[in-house]
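Given next are the chains, with one letter for each unit.
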Amino acid sequence: MDRVYLDNHATTRVDPRVIDAMLPYFGERFGNPSSRAHPFGQEAADAVEAARESVAAAIGAEPREIVFTSGATESNRLAIDAIASSRPGARIVASAIEHKSILERVAGRAAVVRPGTHGIVDAGEMAEAMAPGTGLVALMAANNEIGTLQPLEEVGRACRAKGIALLCDATAAIGRIPFDVRRVPVDFLAFSAHKIYGPKGAGVLYVRSAAGRSVARPGTPNVPGIVGLARALALCVAERESEAARMLALRTRLLGRLSSGLAGVAVNGELERRLPGNLNVRFDGIDGRALPVMLEGIAVSSGAACSTGAAEPSHVLLAIGCSREQALASLRFGIGRFNTENDVDRAADIVIAAVRNLRDQGGFRRGSLESDRVLGKTSHADSL
Ligand code: PMP
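Calculation criteria
Residues numbered from 1 in each chain as written. Predicted model: local features only at pLDDT ≥ 70, side-chain atom pairs only at ≥ 80, totals over all residues. Heavy atoms only, no water. Near = heavy atom within 4 Å. Polar contact = N/O pair within 3.5 Å; in protein donor to acceptor, adjacent residues only side chain to side chain. Areas by Shrake-Rupley, 256 points an atom, 1.4 Å probe, with all protein chains shown as cover. Nonpolar A, V, L, I, M, F, W, Y, C, P; charged D, E, K, R; others polar. Phe/Tyr/Trp six-rings, centres within 6.5 Å; stacked < 30°, edge-to-face > 60°. Helix = DSSP H or I, 4+ residues; strand = E, 2+ residues; numbered from the N terminus. Buried < 20%, exposed > 50% of the residue type's maximum accessible area, 1.4 Å probe, protein only. Pairing = 2+ DSSP bridges. Arc of directions from axis to C-beta. Contact = heavy atoms within 4.5 Å. Core = buried A, V, L, I, M, F, W, Y, C linked by side-chain atoms within 4.5 Å.

Close to the ligand lie G71, A72, T73, H99, S101, M140, N144, D169, T171, S192, H194 and K195. Measuring from an oxygen atom of the ligand, one finds a backbone N or O atom of A72 at 2.9 Å. The side chain of D169 places a nitrogen or oxygen atom 2.6 Å from a nitrogen atom of the ligand. Burial of the ligand by the protein chains amounts to 84% of its free accessible area of 400 Å². Here the shell around the ligand is built from residues that sort into two nonpolar, eight polar and two charged.

Any two aromatic rings considered together are summarised by their centre-to-centre distance and by the angle between their planes. Inspection of every chain in the model, using the stated rule, returns two aromatic pairs. Relative to F40, the ring of F30 has its centre 5.4 Å away and its plane inclined at 45°; by these criteria the two rings are tilted. Taken together, the positions of F30 in the loop between helix 1 (16-22) and helix 2 (39-59) and F40 in helix 2 put the pair 10 residues apart, joining distant regions of the chain. Aromatic pair Y197 and F338: ring centres 5.7 Å apart, planes at 85°, arrangement edge-to-face. A residue pair is termed long-range when its members are at least 10 positions apart, and Y197 in the loop between strand 7 (188-192) and strand 8 (203-207) and F338 in the loop between strand 15 (330-334) and helix 11 (341-362) qualify at 141 residues.

This brings us to the pairing of strand 15. Judged by how many residues are buried, strand 15 sits mostly within the fold: five of five residues are covered. Of the two faces of strand 15, both are covered, the one formed by S330, R332 and G334 as well as the one formed by L331 and F333. Where strand 10 (residues 278-283) and strand 15 come together, five bridges link them in antiparallel fashion. Residue pairing in the sheet places N280 in a bridge with R332 of strand 15. Relative to strand 15, strand 12 (residues 301-302) runs antiparallel, the two being bridged by two bridges. Within strand 15, the position partnered with S301 by the bridge is R332.

This paragraph deals with helix 6 (residues 152-162). Restricting attention to buried positions, one finds in helix 6 the residues L152, V155, G156, A158 and C159. End-on view of helix 6: buried residues confined to an arc of 160°, all on one side of the axis. Away from its buried face, by an angle of more than 90 degrees, helix 6 presents the exposed residues R157 and A161. For helix 6, the elements touching its buried residues are helix 5 (123-129), strand 5 (134-138) and strand 6 (165-169). A positive backbone phi angle near 70° is found at G163, which sits one or two residues after helix 6.

Here we come to the nonpolar core. Judged by nonpolar contacts, the single largest core of 60 residues is most densely connected at M130 and L189. Here M130 is in contact with V93, V137, V155, A158, C159, K162 and I164, once residues within four sequence places are set aside. Counting residues in each nonpolar core, the second largest holds 32 residues, with L6, F283, L295 and L358 among its members.

Another point: the environment of I320. Relative to the helices and strands, I320 resides in the loop between helix 9 (315-319) and helix 10 (324-328). It is 8.7 Å that separates the C-alpha atoms of I320 and I120, two residues lying 200 residues apart in sequence.

In structure tokens, the structure reads:
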């Protein structure tokens, strides 16, 4: 049976054009870029430098500001550790919906700012949290679970005014929304190739050089990964507008189908200010723990994190005011480049059947929901 992949926030399939760009660097161009004394090494070094220039151009940076890493987890960590070593004991401010690679790294030394129920942090509250002694603020460009876009420019201006470094985890946003470091005052920017139709194990840390910082990353560079990352980003930038329109149309179709097929469907987080390919919805009146196993044939993410083996509700959904039950009864759809209308229709059919089934088992009555009476069939999380 054909499987439908709608988990493009977790990872993406590598674009065949990216694979084509990478392949020579596994084969005939296998040199080590550190061995510039001979043509094998020189060829590899040239490829890495061309990739660096291409990535820099895509985000408005200088090539020397680009550090290639193994992915966004390492990029985030390098930035946090750079501040910790240049300003020992400095306080950190982070939004509560940052990725775990940030929250776990700053645990115990960070003031955490919660967003409202719409899933967007308030720039004023972030600024207020920047007490004296703060050395770093972490705010993502877009959330990877609910897709909401964050007020980076405003927070960046507040950081600038107070002389605080800003780390932006752009993993979910890069290539999907326009991003230029000449306009957005970030000091560090982290992202990963495997979320933008590139390979796993390649990422970027942009480090603003005007701030006098530099971050070194030792070891032999992952040449095919770096070449693939640069190609993947260039394709996303070149095709962003048409792709965004297509994603948005697919998302609108998916939400339309879900909310005409089911009562009690609510969008987690504000629908309008979010990534075009993201939809995160919860279904009232079901025991969500049973939902993932009923979704045979489609790959989506549940509102649970399974890092410990047990289903724990997503920290993002809890931070925007969902109850544990609501978080567990949520699904994240990540629509991507290779999805079609047919994928979305099939996914909607399977989800509708699963939710109806669970509601039948749990004694749910159509029309008995608050959201049915007050808001029509689909409510938005502003009402949480
Ligand atoms: N930040 C965000 C927002 C992410 O979604 C992810 C991947 N889930 C990461 C960081 C970590 O990226 P990587 O897998 O490249 O380490």
